[in-house]
Amino acid sequence: MDLASVMMQVDAARSHARTHRHFGRAVRLYRAALRSLDRLERGSGPSPDVALVRARALVGVASCETERGADRSVTLALLEEAEACASRADDPAMVATVRGNRGLLLLRTGELDAARREFDAAIDGMVDPREMVPVLLNRGSLSLETGDLDAAVRDFERCRDLVADDAEVMFRPMAEHNLGYARYLAGDLPAALRSMDRAAEVAPPEHAGVGLMDKAVVLFEAGLLTDAEDALRRAVDLLATTRGSRDLLDAQLAQARCLVSLGRHEDALRLARRTRARARRIAHPVLELRAGLVALEARHGTLQGSGSRDAFRRLVAVADGIEERAAAVPGAERLAGEAALVAAEALARARRWDAAGERLRRLPPSADVSLGTRVRVEVVRALCAFGRGDRRAGVAAVRRGQRLLASQRLRLGAVEAVTAAAAHGIRLQAVDVEAALGTGSADALFDALERGRATFAGSGRVRPPDDPQTAELVVAARRLAERSRLVGADDAVEQARLQREARRLQNRARERAWYAGGDAQVPRPTTARRLRAELREFGSDRVVLNLASFRGRLMAVRVDRSGSRLFELAAVDEVLEHARRVRADQQVLSNPLLPAPLHEAALRSLTRELDWLDRTLLLETGVEGPAYVAARDRLVSLPWTSLPSRRRTSTVVNSWVARAAADWRPGPGLVVAGPDLRQAEAEVAAVADVWGGGGRVLTGGDATCAAVASALEGVPVAHLAAHGSHEPDNPVFSSVRLADGPLYAHELDGLDLTRSVVVLSACDVGAVSVRHGGEPLGLTSVLLRMGARAVVASVAPLRDDVAVRVMPALHGALRDGVPPGEALARAVASEPEPVPLVCFGPLVL
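Remember, it's a predicted structure, so these values are computed and weren't measured experimentally.

A. Here's a closer look at the layout of surface pockets. The computed volume of the second largest pocket comes to approximately 820 Å³. Contributing to the lining of the second largest pocket are 44 residues, with Gly 458, Trp 656, Leu 784, Arg 785 and Gly 787 lying nearest its centre. Listed by contribution, the elements that provide at least two residues to the lining of the second largest pocket are helix H26 (528-537), strand E6 (659-660) and helix H31 (779-785). The residue makeup of the lining of the second largest pocket, split by class, is 19 nonpolar, twelve polar and 13 charged.

As structure tokens, then:
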């Protein structure tokens, strides 16, 4: 075989490694080329050309073996030999290439200073700018590791600009992706996701695994934990296929970390232990320590709320061991700090507050640590302060943590991203609430609840996004959803295919919504003291009931103008079981064809369950007159208006105590009838008549999604009579069905509804899905976050005959200036059976 043929072997091996990531096959080809070079040298003796080709082959073997997890000493020896060959060939550019590869190896093993020296030397020795591209990428990654974001951005932008439309075009999406990661570290999560998705659109398929892994890190930081975990599962599958050993371990550790935050501690522990064993086998101490730290976090999570002091002390010993080992391993310095922080929290929970404070003081100052880490420092400070009895210092630490969370929330525009960000506040809120309960003060608990809830309340933006591509995705998803409905059960296979494709487009639209930055302010929480003063000032007899669960028990704070009281009501699971039975009975009673005996049995069951909820939640707390209920999780979508003591009495519900001025003025607005509702047009006609025929009426083919969405903003009253759907797994795509298909909650994000009362005469659209962190999300909650003065919606199926009777009465009361909560109470008072309509909205005095 001549030298030209050997060079073709080397090029083929390089293609297998770089383009297809088939590292084992590439190594076999490289080694075959090296054997061919041995034969050439035996036949014709050494030559510079042979030495140069040998250097390239050796660099290729070293690179592939690194990806396969070979021992560091093996790959370094290969690179030493390659550098000697390049020197014999008197080729400075090849020497520079070897040094660039050595820098990458040192970077991956955590030897950052040595890696930077190699990268700098490599770039200085390169003549062809395109040869610099991979080294610039790697040096930029090193700068990310060390927190020098400006240097990283310079290298990535230079790399992107150097790449032309040639064989190395693969490096352009890599540079764009890494720029996204730099923006993530700078705290601009929407810009990071934009860059990463832009890179993914043009990146080769074999790079998808790493791209997904890094994107998951950004999603995790944004609090979109379920989406992050899904991206990591896909990344792990892809990286296992492409045999990227180091990247696979990174992805598995990120997945385990995500599982910890989702509360799946046992799953996280198993995955972290498997990854640690594999890192140990390939002699990668940094990865082994990272895996040990994730396993420690999982164990720490299992102890939350129930761990003994001894259990936390044992955890401290493990954390100390990780910290000590990390301090001795190059590149693991940050892990030492993270282990110290875990130890500090465990010490605080073991009531060793001085020792916990000493651990915090040992933490290295770092401006580039994650939001979760910075918030956790404040969690530990709050634990220590509350534990010592210094409530003022404890609340100050909580507020510092909430300001950190608010600063990130301000960067987020999409309502889904705002709600998701609450995931990072779970532990901080729990510490605040537990300390408040420890005081026995109703005011302290009320204030703690509202401090946490207000941080993630409201909208992320004050104007709708302008993104034609997202709009096209939503329209396409709507068409597919409508086609799926029309196909029906006659062709189940085709219906399922259309539904899958619609969901794919919906998810793509969701992801693009995350690109939007925020421009709205964080709402100011009220306090029990301020609320009592306002109730007295306005002469209001309203009772505010604030519900919260803590360690499996449902707690309530009752506030009226004369004072506050704290109640422990019942087991949360017991309340939720009764709520589930109510929901089941409402489903049965929504069937107009139900035989009379079954109807009577379901009605008796519903009455019994509503009585139990009424006694437990309201009568026990002395709520008799007009009430405002702040509730979370599934309690927010109970049929509050249907509880027996609420008959003819105003009840307004929300997920927090949101205040609004009494400046809403009734007037004719928008009345809409969707298709295929037997009495929708009669209902709409009756509602329009209440308003004297004023306003805008959309029926039939005129009631399109675009027409309704554009007409909603600014109207005093909007009434939509249509089929409704709550999507539990994708709540921002809950909808009402109009002439051309479903109008999604996603499309309403950013509208200004601060002058509007919205009535949704549709099934189920008052239901919510609860994000990790406790924030409810659904069509009604999106409208409230857009500032709606009230949303009247059904939390269960709503019968047509009931709607056509109740809705004109509701609008008649609204026309007469009756507040929405009282108007609904009057409208349903004469109904013979409970009506699942609820008034959601802010507290107006």
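Okay, back to it.
B. Region of the structure containing the side chain of Glu 683. The topology assignment puts Glu 683 in helix H29 (residues 680-690). There is no salt bridge for the buried Glu 683, and the closest opposite charge comes from Arg 678, which lies 11 Å off by N-O distance.

C. Inspection of empty space enclosed by the protein at higher detail. Applying the stated rule across the entire model yields five cavities of 30 Å³ or more. When its volume is computed, the largest cavity comes out at roughly 150 Å³. Contributing to the lining of the largest cavity are 14 residues, with Thr 66, Gly 69, Ala 70, Thr 109 and His 284 lying nearest its centre. Looking at the lining of the largest cavity, the elements with two or more residues in it are helix H4 (72-88), helix H5 (92-108) and helix H13 (245-261). Classifying every residue of the lining of the largest cavity gives four nonpolar, six polar and four charged.

D. Structural view of the packing of aromatic side chains. Scanning all chains against the criterion turns up two aromatic pairs. Here Tyr 181 and Tyr 184 contribute two aromatic rings whose centre-to-centre distance is 5.1 Å and whose plane-to-plane angle is 65°, an arrangement assigned as edge-to-face. Residue Tyr 181 and its partner Tyr 184 are both found in helix H9 (residues 171-185); the two are separated by three residues, about one turn of the helix. Judged by its relative accessible area of 11%, Tyr 184 is buried. Measuring from centroid to centroid gives 4.7 Å for Phe 733 and Tyr 744, while their planes differ by 65°, and the two rings are edge-to-face. Of this pair, Phe 733 sits in the loop between strand E10 (724-725) and strand E11 (735-738) while Tyr 744 sits in strand E12 (residues 741-744); the two residues are eleven residues apart in sequence, bridging distant segments of the chain. Each of the two residues, Phe 733 as well as Tyr 744, counts as buried.

E. Looking closely at the pairing of strand E1 (residues 543-550). Among the eight residues in E1, six count as buried, and that is most of the element. In terms of strand pairing, E1 meets strand E4 (residues 627-630) through four bridges, oriented parallel. If you follow Val 544 over to E4, its bridge partner there is Tyr 628. As paired strands, E1 and strand E2 (residues 553-560) are joined by seven bridges and run antiparallel to one another. Its bridge partner being in E2, Ser 549 is matched across the sheet by Leu 554. In this structure, the hairpin formed by E1 and E2 is closed by a connection of two residues, where Arg 551 is found at a positive phi of approximately 50°.

F. A look at the packing of H9 against helix H11 (residues 208-222). At their nearest, the axes of H9 and H11 sit 11 Å apart, and the two run at 20° to each other. Taken together, H9 and H11 sit at an angle that is classed as roughly parallel. Considering only the axes of H9 and H11, their crossing is left-handed. Facing His 177, Tyr 181 and Tyr 184 of H9, the residues of H11 in contact are Val 210, Gly 211, Asp 214, Val 217, Val 218 and Glu 221.

G. Representation of the sheet that holds E10. What the three strands build is an open sheet, ordered E10-E11-E12; its pairing is antiparallel. Two strands in the sheet have a free side with no partner beyond their single neighbour: E10 and E12. Of the strand pairs in this sheet, E11 and E12 are connected by four bridges, and their pairing is antiparallel. Looking at the pairing, Ser 735 lines up with Tyr 744 of E12. Of the strands in this sheet, E11 and E12 touch helix H30 (residues 705-712), which is tilted by about 25° from E12.

H. Unusual backbone geometry, seen in detail. At Asp 633, a residue that is not glycine, the phi angle is positive and equals roughly 55°. Tracing the sequence through the fold places Asp 633 in the loop between E4 and strand E5 (651-654). On the basis of relative accessibility, which here comes to 31%, the residue Asp 633 falls in the partly exposed class. One non-glycine residue, Asp 764, lies in positive phi territory at about 70°. As for its placement among the helices and strands, Asp 764 is situated in the loop between strand E13 (757-761) and strand E14 (769-770).

I. Looking closely at the pattern of salt bridges. Under the counting rule described, the total for this entry stands at 67 salt bridges. Each member of the salt-bridge network shares a partner with another, and the members are Glu 229, Asp 230, Arg 233, Arg 234, Arg 264, Asp 267 and Arg 270.

J. View of the environment of Ala 203. Residue position: Ala 203 is located in the loop between helix H10 (189-202) and H11. Note on Ala 203: relative accessible area 26%, which makes it partly exposed. Through-space distance from the C-alpha of Ala 203 to that of His 177 is 9.3 Å; in sequence the pair is 26 residues apart.

K. Spatial organisation of the environment of Asp 148. Positionally, Asp 148 belongs in the loop between helix H7 (129-146) and helix H8 (149-162). For Asp 148, a relative accessible area of 36% translates into the label partly exposed. Residues Asp 148 and Ala 182, spaced 34 residues apart in sequence, show a C-alpha to C-alpha distance of 9.4 Å.

L. Representation of helix H24 (residues 468-487) within the structure. Across its 20 residues, H24 extends 29 Å between first and last C-alpha, which sits within 8% of the 28 Å expected from 1.5 Å per residue. Buried within H24 we find Thr 470, Leu 473, Val 474, Ala 477, Arg 478, Leu 480, Glu 482 and Ser 484. On the buried face of H24, the contacting elements are helix H25 (492-513), H30, E11 and E12. Just downstream of H24, Gly 488 is the residue with a positive phi angle, here 65°.

M. Region of the structure containing the sheet that holds strand E16 (residues 790-794). Spatially, eleven strands are ordered E3-E2-E1-E4-E5-E17-E16-E13-E9-E7-E8 in an open sheet, and the strand pairing comes out mixed. Strands with a single pairing partner mark the edges of an open sheet, and in this sheet they are strand E3 (563-571) and strand E8 (696-698). Going from strand to strand, the sheet's axes swing by 20° on average, the running direction of each strand aside. Summarising the sheet, strand E7 (residues 670-673) and strand E9 (residues 717-721) pair through four bridges and their orientation is parallel. Counterpart to Ala 673 in the pairing with E9 is Ala 721. Of the strands in this sheet, E1, E2 and E3 touch helix H22 (residues 426-439), which is tilted by about 110° from E1. The strands that H29 touches are E7, E8, E9 and E13; relative to E7, the one it contacts most, it runs at about 165°.

Analysis parameters
Residues numbered from 1 in each chain as written. Predicted model: local features only at pLDDT ≥ 70, side-chain atom pairs only at ≥ 80, totals over all residues. Heavy atoms only, no water. 1 Å grid on protein atoms, 1.4 Å probe; cavity = no way out; pocket = protein on both sides within 12 Å on 5 of 7 lines; lining within 4 Å. Points joined across faces, edges and corners; volume = space filled by probe spheres on them. Helix = DSSP H or I, 4+ residues; strand = E, 2+ residues; numbered from the N terminus. Nonpolar A, V, L, I, M, F, W, Y, C, P; charged D, E, K, R; others polar. Buried < 20%, exposed > 50% of the residue type's maximum accessible area, 1.4 Å probe, protein only. Lys, Arg positive; Asp, Glu negative; His and termini not counted. Salt bridge = Lys/Arg side-chain N within 4 Å of Asp/Glu carboxyl O. Phe/Tyr/Trp six-rings, centres within 6.5 Å; stacked < 30°, edge-to-face > 60°. Pairing = 2+ DSSP bridges. Axes fitted to C-alpha atoms, helices over the stretch in contact; angles between N-to-C directions. Parallel < 35°, antiparallel > 145°, perpendicular 65-115°, else oblique. Left-handed = near helix turned anticlockwise from the far one by under 90°. Contact = heavy atoms within 4.5 Å. Expected span 1.5 Å × (residues − 1).

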